[in-house]
Amino acid sequence: SLVRRLGDKLAPCIVQERIDGIEISTEGWFNGGWIRPFNHTMEKKRLMEGDKGPNTGCTGNIVWATNGDKLTATALEPLEPLLERVGYVGPLDVNCMVTRSDAYFLEYTARFGYDALQTWSELIKMPLFDYLYKVATRQADEVPVFQDNYGIAVRLTVPPYPSEKEVERWAGAQVLDVPKEAMRHVWLTDVARKGDAYVLAGVHGVIGCVTARGSSVRECRRRAYRTINNIVIHGDVQYRSDIGADVEENIAKLKEWGWLN
């Protein structure tokens with residue numbers, strides 16, 4: 001047969017049904033019951049603008065809070081008896097491909113979502129540490145958030161990311177100059193402190209992400225990219241310039257279909 005003749009020349013692949021729709025993640029935090037509000041995320045994974053280039057874990061996202069809607073009622077709320085029975089504490093995220101009539105589950109994730117956690121921190125009205133402590137100790141049943149606001153994260157990397165090959169050559173290089181007042185919106189990852197400067201550690205090439213909050217998607221985009229323009233001092237820093245560009249259109253469509261309030 002063809003398979004026997006080609007043998008090791010065959011590349012492994014996964015065959016699955018393709019569904020055209022809008023990809024959206026819905027997250028809830030649980031500590032004996034759902035902590036209100038939930039939140040939705042629209043994320044970009046491709047490295048380049050227009051969803052081109054290799055897949056990464058995340059290149060940016062938009063997050064907003066919701067007290068509940070058809071999507072949370074479909075994807076998360078029915079799990080409450082199970083989560084209570086097993087004593088689950090923490091975040092639970094379901095990623096769906098949503099069409100006019102159905103939500104097709106892509107994955108459940110019982111862990112922090114990067115960089116959605118950083119974006120969520122822009123929307124909660126308390127330090128992230130305090131929030132995590134209240135969840136872990138079951139002291140939270142509701143968290144104060146900036147309602148009707150949006151958060152954004154834009155990931156910053158250096159080549160050859162998403163490959164880690166020879167990324168160690170970046171060790172010690174300074175590619176950002178972050179003033180103190182901007183630090184609360186800059187989440188550093190593959191970075192080390194050298195005197196008063198932050199330099200690359202040269203481990204995986206993800207510098208970190210820049211976050212912002214706004215009363216509209218357009219406003220939080222403007223704030224995040226203004227910060228990026230102010231702190232990036234090296235021309236090889238990679239980031240997408242179109243994070244959130246299609247979110248308002250997709251939200252409007254999901255509202256028309258009845259999935260979002």
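Residues numbered from 1 in each chain as written. Predicted model: local features only at pLDDT ≥ 70, side-chain atom pairs only at ≥ 80, totals over all residues. Heavy atoms only, no water.

(A) Representation of the sheet that holds strand β4 (residues 89–98) within the structure. The strand order across the open sheet formed by eight strands is β5-β4-β1-β2-β3-β6-β10-β7, and the pairing between neighbours is antiparallel. What marks the edges here is a single partner per strand, and that holds for β5 (103–109) and β7 (186–188). Adjacent strand axes in the sheet meet at a mean angle of 25 degrees, parallel and antiparallel pairs treated alike. Direction of pairing for β4 relative to β5: antiparallel, over a ladder of six bridges. For Val94, the partnering residue across the bridge sits in β5 and is Tyr108. Each of β1 (22–31), β2 (34–48), β3 (52–66), β6 (150–157), β7 and β10 (206–214) touches helix α4 (residues 116–123); the most contacted strand, β3, lies at about 25 degrees to it. Across the sheet, helix α6 (residues 217–231) lies against β3, β6, β7 and β10, angled at about 140 degrees from β10, the strand it touches most. (Pairing = 2+ DSSP bridges. Helix = DSSP H or I, 4+ residues; strand = E, 2+ residues; numbered from the N terminus. Axes fitted to C-alpha atoms, helices over the stretch in contact; angles between N-to-C directions. Contact = heavy atoms within 4.5 Å.)

(B) Molecular detail of unusual backbone geometry. A cis geometry characterises the amide bond from Arg36 onward to Pro37, with omega recorded as 0 degrees. Looking at where Pro37 falls in the secondary structure, it is placed in strand β2. The backbone phi angle of Arg138 is positive, close to 55 degrees, even though this residue is not glycine. Tracing the backbone through its elements, the reader meets Arg138 in the loop between α5 (128–136) and β6. Of the residues examined, Arg138 reaches a relative accessible area of 46% and is grouped as partly exposed. Even without glycine at this site, Asp148 takes up a positive phi of about 60 degrees. Along the polypeptide, Asp148 turns up in the loop between α5 and β6. (Buried < 20%, exposed > 50% of the residue type's maximum accessible area, 1.4 Å probe, protein only.)

(C) Geometry of the pattern of salt bridges. Enumeration over the complete set of coordinates arrives at 10 salt bridges. Among the ionic contacts, a cluster of salt bridges with common partners joins Lys44, Asp51, Arg240, Asp242 and Asp246. (Salt bridge = Lys/Arg side-chain N within 4 Å of Asp/Glu carboxyl O.)

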